[in-house]
Amino acid sequence: MERILDVAQYIYDEYKRLSGETIDEMKLHKLLYFTQRESLAITNEPLFEENFEGWKYGPVSKEVRLYYTVDGMFYKNKKALSAEAAYITKNVILQYGPLASWKLSQLSHNEISWQNARKGLTKDENGDVLLIIDDIRKDAEKVRPYDSTYDMYYDEFEDAEDIQ
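A short tour of the structure in this document, coming up. (Residues numbered from 1 in each chain as written. Predicted model: local features only at pLDDT ≥ 70, side-chain atom pairs only at ≥ 80, totals over all residues. Heavy atoms only, no water.)

Focus: the packing of helix 2 (residues 25-43) against helix 7 (residues 133-140)
The contact between helix 2 and helix 7 brings their axes to 8 Å, and the two run at 75°. Here helix 2 is positioned roughly perpendicular relative to helix 7, judged by the angle of their axes. Across the interface between the two elements, Tyr33, Gln36, Arg37, Leu40 and Ala41 from helix 2 touch Ile133, Ile136, Arg137, Asp139 and Ala140 from helix 7. Per-class residue counts for the contact of helix 2 with helix 7 are six nonpolar, one polar and three charged. (Axes fitted to C-alpha atoms, helices over the stretch in contact; angles between N-to-C directions. Helix = DSSP H or I, 4+ residues; strand = E, 2+ residues; numbered from the N terminus. Parallel < 35°, antiparallel > 145°, perpendicular 65-115°, else oblique. Contact = heavy atoms within 4.5 Å. Nonpolar A, V, L, I, M, F, W, Y, C, P; charged D, E, K, R; others polar.)

The structure is reproduced here in structure tokens:
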């Protein structure tokens, strides 16, 4: 399992490499959330065990907040992501990275996990209720994993070749 700080670092670096811009903190948190959701959709396993809180603008990792600066992510013992984690994360960056931070915030407000963490709060309260992983699993059910369709057709293609 990956650490959220390593995933955040990967997003920070890869976003800068692809766009030439420094990712803002709001976008970083939303891309982290969508990466966790995509991992659940594709592998049925969380990518990292750290949690998000349901803040007014969407899911936020307090741990990542401690280490984020516009000059980079600063923490000790950085580790590279596994190939699978990098693949999932990069696809999230490619899919959601071009969207404005506020658009990502709006998208995150459609997530059951965020809505459940916000129950009883006004729209202006930040909140500190954790998003529940089972709720993120429910959010993942609406995602169409790009890998599973490819794998299914690839397996069928291999089976057809074996018959000939």
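Moving on from the model shown.
Structural notes on the packing of aromatic side chains
With the rule as written, the count across this model stands at seven aromatic pairs. A centroid spacing of 5.9 Å and a plane angle of 70° characterise the contact between tyrosine 67 and tyrosine 75, whose relative ring orientation is edge-to-face. We classify tyrosine 75 as buried; its relative accessible area is 11%. Every member of this aromatic cluster is reached through a ring pair, and the members are Tyr33, Phe34, Phe48, Phe52 and Tyr96. Over the ring of tyrosine 75 we find lysine 78, and its NZ or CZ is 5.5 Å from the ring centre. (Phe/Tyr/Trp six-rings, centres within 6.5 Å; stacked < 30°, edge-to-face > 60°. Buried < 20%, exposed > 50% of the residue type's maximum accessible area, 1.4 Å probe, protein only. Lys NZ or Arg CZ within 6 Å of the ring centre and 35° of its normal.)

Examining the side chain of arginine 37
On the secondary structure map, arginine 37 appears in helix 2. Apart from the residues lying within four places of it in its own chain, the contact partners of arginine 37 are Tyr96, Glu111, Ile136, Asp139, Ala140, Lys142 and Val143.

Notes on the pattern of salt bridges
Tallied over the full model, the rule gives 10 salt bridges. Beyond isolated ion pairs, a larger network of salt bridges with shared partners links Arg37, Glu38, Glu111 and Lys142. (Salt bridge = Lys/Arg side-chain N within 4 Å of Asp/Glu carboxyl O.)

Quick word on the environment of serine 39
Within the secondary structure, serine 39 is located in helix 2. Excluding anything up to four places from it in sequence, serine 39 contacts Asn44, Glu45, Pro46, Leu47 and Ile88.

Regarding helix 4 (residues 83-96)
Since the α-helix turns once every 3.6 residues, residues separated by three or four places project in the same direction. Spanning 14 residues, helix 4 covers 20 Å between terminal C-alpha atoms, matching the ideal 20 Å at 1.5 Å per step. What helix 4 keeps buried is the set Ala85, Ala86, Ile88, Thr89, Val92, Ile93 and Tyr96. Each buried residue of helix 4 lies within a common arc of 165° when the element is viewed along its axis, so the set occupies one face. Turned more than 90 degrees away from the buried face of helix 4, the exposed residues are Ala83 and Glu84. (Expected span 1.5 Å × (residues − 1). Arc of directions from axis to C-beta.)

Side note on the packing of helix 2 against helix 5 (residues 101-108)
Remark: helix 2 packs on helix 5, axes separated minimally by 9 Å, with the N-to-C direction vectors making an angle of 40°. By the criterion of interaxial angle, the relationship of helix 2 to helix 5 is oblique. Handedness of the crossing formed by helix 2 with helix 5: left-handed. Of the residues in helix 5, those in contact with Met26, Lys27, Lys30, Leu31 and Phe34 of helix 2 are Ser101, Trp102, Leu104, Ser105, Leu107 and Ser108. Along the lines of polarity and charge, the residues of the contact of helix 2 with helix 5 split into six nonpolar, three polar and two charged. (Left-handed = near helix turned anticlockwise from the far one by under 90°.)

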